[in-house]
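Observations on chain architecture
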Amino acid sequence: MKSPYTIILRPLLTEKNSLAKDRFRTLAFQVACDANKIEVAKAVESIFKTRVEKVRIVNILGKVKRVGRYEGKRADWKKAYVKIKAGQKPIEYFEGL
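The paragraphs below set out a description of the structure included in this document.

1. Details of the nonpolar core
Judged by nonpolar contacts, the single largest core of 18 residues is most densely connected at Ile8, Phe29, Val40, Val44 and Val82. When residues of this core are assigned to their parent elements, the largest contribution, five residues, is made by helix H3 (residues 37-48). Ignoring any residue separated from it by four or fewer positions in sequence, one finds Ile8 in contact with Phe29, Gln30, Val31, Val40, Ala43, Val44 and Ile47.

Spelled out as structure tokens, the structure:
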């Protein structure tokens, strides 16, 4: 069985995600490329001690970038939007700071 910390790689902290967190109780995470919705939901529930209502997953394809005549590609990655059930305590990423 995978560790929850290998499934959830990092929270995505953007202005758009902050608004979604406040309005819709939705959090965004970068997750492992081989993770599925069930694994993501269980990982969030175990790490943050909260209940998950819904999980949506998006595969992000890496961009092709050029430097002069050389061409490379950024890595592909996976994003998960996790909706927290109503009545649960809000998740704070930086509690102890």
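Having seen the model, we can carry on.
2. A closer look at the environment of Ala41
The topology assignment puts Ala41 in helix H3. Separated by 14 residues in sequence, Ala41 and Val55 have C-alpha atoms that sit 6.7 Å apart. Those residues within four positions of Ala41 in sequence are excluded, and the remaining contacts are Val52 and Val55.

3. A closer look at the sheet that holds strand E2 (residues 26-31)
Reading across the sheet, the four strands line up as E1-E2-E6-E3 and stay open at both edges, with antiparallel pairing between neighbours. Two strands lie at the open edges of the sheet, namely strand E1 (8-11) and strand E3 (52-60), each paired on one side alone. The mean angle between the axes of side-by-side strands here comes to 30°, regardless of whether they run parallel or antiparallel. One ladder, built from eight bridges, connects E3 with strand E6 (residues 77-84); its direction is antiparallel. Counterpart to Val55 in the pairing with E6 is Val82. The sheet strands contacting helix H2 (residues 15-24) are E2 and E6, and the helix crosses E2 at an angle near 135°. Those strands touched by H3 are E1, E2, E3 and E6, and its axis lies near 120° from that of E3.

4. Topic: H3
Taking 1.5 Å as the rise per residue, H3 with twelve residues should run 16 Å; its terminal C-alpha atoms sit 16 Å apart, in good agreement. For H3, the complete set of buried residues consists of Val40, Ala41, Ala43, Val44 and Phe48. Buried residues in H3, looked at end-on, bunch into an arc of 165°, giving them a common side. Summarising the geometry of H3, the exposed residues directed more than 90 degrees from the buried face are Ile38 and Lys42. Structurally, H3 contributes buried residues whose contacts are with helix H1 (4-7), E1, E2, E3 and E6. Backbone nitrogen of Ile38 and a side-chain oxygen of the N-cap are separated by 3.3 Å at the start of H3; the cap is Asn36.

5. Quick look at the environment of Asn59
Tracing the chain through its elements places Asn59 in strand E3. A relative accessible area of 56% means that Asn59 is categorised as exposed. Setting aside chain neighbours within four positions, we find Asn59 in contact with Trp77 and Lys78.

What counts and what doesn't
Residues numbered from 1 in each chain as written. Predicted model: local features only at pLDDT ≥ 70, side-chain atom pairs only at ≥ 80, totals over all residues. Heavy atoms only, no water. Core = buried A, V, L, I, M, F, W, Y, C linked by side-chain atoms within 4.5 Å. Buried < 20%, exposed > 50% of the residue type's maximum accessible area, 1.4 Å probe, protein only. Helix = DSSP H or I, 4+ residues; strand = E, 2+ residues; numbered from the N terminus. Contact = heavy atoms within 4.5 Å. Pairing = 2+ DSSP bridges. Axes fitted to C-alpha atoms, helices over the stretch in contact; angles between N-to-C directions. Expected span 1.5 Å × (residues − 1). Arc of directions from axis to C-beta. Polar contact = N/O pair within 3.5 Å; in protein donor to acceptor, adjacent residues only side chain to side chain.

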